[in-house]
Every structure is written in C-alpha cells, then in structure tokens.
There are 2 protein chains.
Amino acid sequence: MSRLKHTKQFPAADHDHKTCIAHALQEAEAYCKQRGLRLTELRRRVLELIWANHQPVGAYDLLEQLTHEGRKAAPPTIYRSLDFLMQSDLIHRITSLNAYVGCNHPGLNHAAQFFICEDCGQAAEMDDAKIESAIAKDAKRLGFTVEKRTIEVAGICAHCKHHSNT
Amino acid sequence: MSRLKHTKQFPAADHDHKTCIAHALQEAEAYCKQRGLRLTELRRRVLELIWANHQPVGAYDLLEQLTHEGRKAAPPTIYRSLDFLMQSDLIHRITSLNAYVGCNHPGLNHAAQFFICEDCGQAAEMDDAKIESAIAKDAKRLGFTVEKRTIEVAGICAHCKHHSNT
DNA sequence: AATGTTACGTTATATTATAACAACATCCCA
DNA sequence: TGGGATGTTGTTATAATATAACGTAACATT
Ligand SMILES: [Zn+2]
Ligand SMILES: [Zn+2]
Ligand SMILES: [Zn+2]
Ligand SMILES: [Zn+2]
C-alpha cells in the first residue's frame, strides 16, 4: 500500500498528534475563511490525510487513500489540491522526496528548512533566521535576487539514533 | 531538442569557459587515476557534456545528445554514468531541477549550496561555512545526525537582472 | 586462455507530474 | 429567480524522470 513505510517518530517523541491535526485543520479553516479561499471537501480531506502524521507523503499515496475511500480520483485531482494547499501556505513540498507535509505556520508564506529522518521518515520544520541571513548575505554579495529556497537536511533523528538496535 | 533553453550567463559574466571544461576533465582524469576509478569513454563524454556550460542539464537531454552522436544509449546508460560521476564527487545533482551540473571542487565530497538563476538557468556553487555551521548547530540542538544536505536557492542573477529589458 | 569483476546494452516498467477538455458547482448580479 | 461568469472537479491521455532485471561485452588478474 504505502510506498514509504516508517514507524518511529521525531518531531516530539510522544506528543499528542490528534492535537496537531485538529489545530492544523482549524487554522486552515479560519485562514481560508478569512481570505475568501475555498477549502472544499476534497482539499480539506487531502490536508487531513497529509496531517495524518509528520512524515511527508507522496501524491500517489494520497491518491490511493482517496480511491480507497470511494472517491473518484485521478492524478490531476490530487495535484490540484496539492497546488491549492501549497499556494495557500498550508503545506510544503519536500523536493528531495517528491512528497508533501503539513506546514507548521500556516498562511505565513515563510522560508522554512527541513530536517528529515531517513529512518522514521519524519520531517521537522525549522525557521532558522541564521540560515536565512547567511543565504541572504551570499545573495547580496552575488547580486542575486532570491525567489525560492530549498533547504532540506537528511539524516537520522535523535529518537531513531537511540533506538537503532533493531 | 534541449528541454531547457537558456542563453545568458551567471557564474562569471564573461569568463573563458573552455578553461573550465579543460580544467574539469583534467582534474577528473587525475583524480580517477589516483583512486583507481575507471573514467571510461562514456563517463568521460557524459562529464564533458555536463560541463558544456554552467547550466544544470537533465538526464534525458544528455541521453539525446549521446544518441545524436551515434552512441547506442538508453536511460540506464546515462543514469549509471551519472551515478558514477556523483559517487566520484565529480558532479552534483540539483534536486529542485532534476538536473546535473559539474562540481567546482571535484573529488572533495563537500557540502555545497547552489544559487540557480531562473532566467539564464545557470547555477553557482557556493561553499559557505556560515550556512554549514548554522545547519550543524540546529542539528546538534535536535540531536540530529546530518547525512545529506540539499541547499538550493532559486532566483535571478545579477547579470539577468541588469538585462531584463527583453 | 581461464576466470572473476566491472561496465554497458536492452527491454520493460515504475514513479511523478501535467495537458487538454468536459461536466459540474458556486457565485454574483440583473 | 434565472443565467452567465468563474472556479472546481472528473476524465483521458501523455510527458518527464528514474529504476529493475537480465544478458553481453570489456577489462583485469592470474
Ligand atoms: Zn503531531
Ligand atoms: Zn527518525
Ligand atoms: Zn565556465
Ligand atoms: Zn541569470
């Protein structure tokens, strides 16, 4: 079924993830209402599926889940929802994984960095001003106008490191 | 023919690129000999094609060029060469473009950052210790063991900015 | 030359993403 | 309230990137 099979954790060893989901959906709802964006049934469901955990999920994984739920869905269906959610700053695309993950600061259009565990598959979103400013400084020196950043660090998270006695 | 069509420049407004190519191939040759790696005719040619300019090039573009040169080539042919060149630290993969570019410090297995112009398509390789250390600091705080970095900044280079009167 | 190893050729297929157009829903105003 | 404009979803086809699997050829070592 799922193309990525991970079990362990990372963003917070034992947090109540139901709160993450509820919070994300609630924020999305409020943000869309405020901005006149239409968080349709489909888009809401896709966002919910993405927030099922902190592991970036692929478009075709989502597609398969929608199909299993009985909804008629082809690739464009899911990609359009993903586009909407990205443009609305509700999710991020993890380029190095071709996968999508919920945004921790919805509606903010911020530059983010990701630390991605190659063991448990979870992604931690950072917003480190130091990294941002270092890039800005380089850009200034180059005379380069920054449009989009892709900052993704892959490795092993603390939790997985301590439990690598599989 | 080429899937990416760019004409302008970026890494150095008017440098002698023949020197870049010659230098890269010479370094690769020496490095492979020294390490007992086999820089075959195919691999050497692929490296040369990649170094044709400072614009990351896609696998299927390379494939097409090889085919036009009369060589029998299918996707695995080119991907195997790309794998060799990456493992040998002679080229980098630009994740956000699904494309490949020559490495400025061949054989070094270094962390690099890329500034990529969305206009001319050229990529500038940086090795900014500040960015590196900012990431290392975050990683340490997280207890995260870094394996691989993907740092790619897209935008408009100085040269293209000054000539945007197209 | 015999042998083991590495590289390459070949066919088929997997994975990710988009183009193009039709059908349907929602919104807004007359 | 109707009816056109706009936005969303369904549908079919296909593009673009990448790998699996297996056979053959080249090379290296003895
Ligand atoms: Zn959570
Ligand atoms: Zn982990
Ligand atoms: Zn050059
Ligand atoms: Zn440029």
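Above: the structure in question.
Here the structure is a predicted model, which means the values were calculated and not measured. (Residues numbered from 1 in each chain as written. Chains lettered and ligands numbered in written order. Predicted model: local features only at pLDDT ≥ 70, side-chain atom pairs only at ≥ 80, totals over all residues. Heavy atoms only, no water.)

## So, the overall build of chain A
Counting secondary structure elements, chain A contains 6 helices and 5 strands. What you see in chain A, going N to C, is helices and strands ordered as α-α-α-α-β-β-β-β-α-β-α. Here chain A has a C-alpha radius of gyration of 17 Å; the compact-globule value for 166 residues is 15 Å, and the two agree. By its C-alpha atoms, chain A is 55 × 50 × 30 Å across when sized along the principal axes. With 166 residues in all, chain A has 46% of them scored as buried. Pairs at least 24 residues apart make up 58% of the contacts formed inside chain A by residues separated by at least 6 positions. Summed over all atoms, the accessible surface of chain A reaches about 9000 Å², with 51% contributed by carbon and sulfur. (Helix = DSSP H or I, 4+ residues; strand = E, 2+ residues; numbered from the N terminus. Rg over C-alpha atoms; globule rule 2.2 N^0.38 Å. Buried < 20%, exposed > 50% of the residue type's maximum accessible area, 1.4 Å probe, protein only. Contact = heavy atoms within 4.5 Å. Areas by Shrake-Rupley, 256 points an atom, 1.4 Å probe, with all protein chains shown as cover.)

## Regarding the coordination of the zinc ion (ligand 1)
Residue and element names in this part refer to chain A. Surrounding the zinc ion (ligand 1) are the protein donor atoms H15 (NE2), H17 (ND1), C20 (SG) and H54 (NE2), which sit 2.0 to 2.3 Å from the metal. Note that the zinc ion (ligand 1) binds 4 donor atoms; their angles at the metal cover 103 to 115°, and the shape is tetrahedral. Motif for the zinc ion (ligand 1), donor spacing along one chain: H-x1-H-x2-C-x33-H. In this structure H15 comes out as partly exposed when scored by relative accessible area, which is 31%. Using a relative accessible area of 15% as the deciding quantity, one classes H17 as buried. (Donors = N, O, S within 2.8 Å, 3.2 Å for Na, K, Ca; no water. Tetrahedral: all angles 85-135°; square planar, octahedral: opposite > 155°, others 65-115°.)

## So, the protein's contact with DNA strand C
Neighbouring DNA strand C are 20 residues; Y60, Y79 and R93 of chain A together with T40 and R80 of chain B lie closest to it. Here the atoms of DNA strand C within 4 Å of the protein split so that 52% fall in sugar or phosphate, with bases taking the remainder. Note that a base nitrogen of DNA strand C is positioned 2.5 Å from one of the side-chain N or O atoms of Y60 of chain A. With respect to DNA strand C, the side chain of R80 of chain B contributes an N or O atom lying 2.5 Å from a base nitrogen. When contributions to the surface near DNA strand C are tallied by element, the ones reaching two or more residues are α4 (75-87) of chain A together with α2 (41-50) and α4 (75-87) of chain B. (Near = heavy atom within 4 Å. Polar contact = N/O pair within 3.5 Å; in protein donor to acceptor, adjacent residues only side chain to side chain.)

## Brief notes about the relation of the copies chain B and chain A
Note on the identical chains: chain B maps onto chain A by a rotation of 180° and an axial translation of 0.0 Å, with an RMSD of 0.0 Å. Between the two chains, the operation in question is that of a two-fold axis. Among all residues of chain B, the one whose C-alpha sits closest to the rotation axis is I151 of chain B, at a distance of 2.3 Å. Interface residue correspondence from chain B to chain A reaches 100%, placing this contact among same-surface, isologous pairings. (Least-squares fit on C-alpha atoms with pLDDT ≥ 70 in both.)

## Observations regarding the interface of chain B and chain A
Interface size is often expressed as the accessible area that is lost when the parts come together. On the side of chain A, 35 residues touch chain B, which itself brings 35 residues to the contact. When the two sides are added together, the surface that chain B and chain A hide from each other amounts to roughly 2800 Å², 64% of it contributed by carbon and sulfur. Area buried by chain B at its contact with chain A is led by F115, L142 and F144 of chain B, which between them contribute 19% of it. Viewed at the interface, chain A and chain B are joined by 0 salt bridges. Listed by contribution, the elements that provide at least two residues to the side of chain B that touches chain A are β3 (113-117), α5 (129-142), β5 (145-156) and α6 (158-162) of chain B. (Buried area = accessible area lost by both parts, 1.4 Å probe. Salt bridge = Lys/Arg side-chain N within 4 Å of Asp/Glu carboxyl O.)

## Things to note about the packing of aromatic side chains
With the rule as written, the count across this model stands at 4 aromatic pairs over all chains. Centroid distance Y60 of chain A to Y79 of chain A: 6.3 Å. Interplanar angle 65°. Geometry classified as edge-to-face. In this pair, Y60 of chain A is assigned in helix α3 (residues 59-68) and Y79 of chain A in helix α4, connecting sequence segments 19 residues apart. On the basis of relative accessible area, Y79 of chain A is assigned to the partly exposed category, the value being 32%. Note on F144 of chain A and F115 of chain B: the rings are 5.3 Å apart at their centroids and 85° apart in plane angle, and the pair reads as edge-to-face. Taken together, the positions of F144 of chain A in the loop between α5 (129-142) and β5 (145-156) and F115 of chain B in strand β3 put the pair across two chains. With respect to burial, F144 of chain A and F115 of chain B carry one shared label: buried. (Phe/Tyr/Trp six-rings, centres within 6.5 Å; stacked < 30°, edge-to-face > 60°.)

## Comments concerning the pairing of strand β2 (residues 99-102) of chain B
Residues and elements named next belong to chain B. Residues of β2 alternate between two faces, with A99 and V101 on one and Y100 and G102 on the opposite face, all of them buried. Sheet topology note: the strand β1 (residues 91-94)/β2 ladder contains 4 bridges and is antiparallel. Its bridge partner being in β2, H92 is matched across the sheet by V101. (Pairing = 2+ DSSP bridges.)

## Concerning the coordination of the zinc ion (ligand 2)
Residue and element names in this part refer to chain A. Of the protein atoms, only C117 (SG), C120 (SG), C157 (SG) and C160 (SG) coordinate the zinc ion (ligand 2), at distances of 2.2 to 2.4 Å. Coordination geometry of the zinc ion (ligand 2): the 4 donor atoms subtend angles of 103 to 116° at the metal centre, consistent with an arrangement described as tetrahedral. Sequence spacing among the residues donating to the zinc ion (ligand 2) works out to C-x2-C-x36-C-x2-C. Taken as a pair, C117 in strand β3 (residues 113-117) and C157 in the loop between β5 and α6 (158-162) lie far apart in primary sequence, 40 residues in all.

## A look at the nonpolar core
Core analysis: the largest hydrophobic core is formed by 30 residues, its most contacted members being F10 and F115 of chain A together with F10 and F115 of chain B. Of all the secondary structure elements, the ones that give two or more residues to this core are β3, β4 (123-126), α5 and β5 of chain A together with β3, β4 (123-126), α5 and β5 of chain B. One finds A24, V46, A59 and L82 of chain B within the second-largest nonpolar core, a separate group that totals 26 residues. (Core = buried A, V, L, I, M, F, W, Y, C linked by side-chain atoms within 4.5 Å.)

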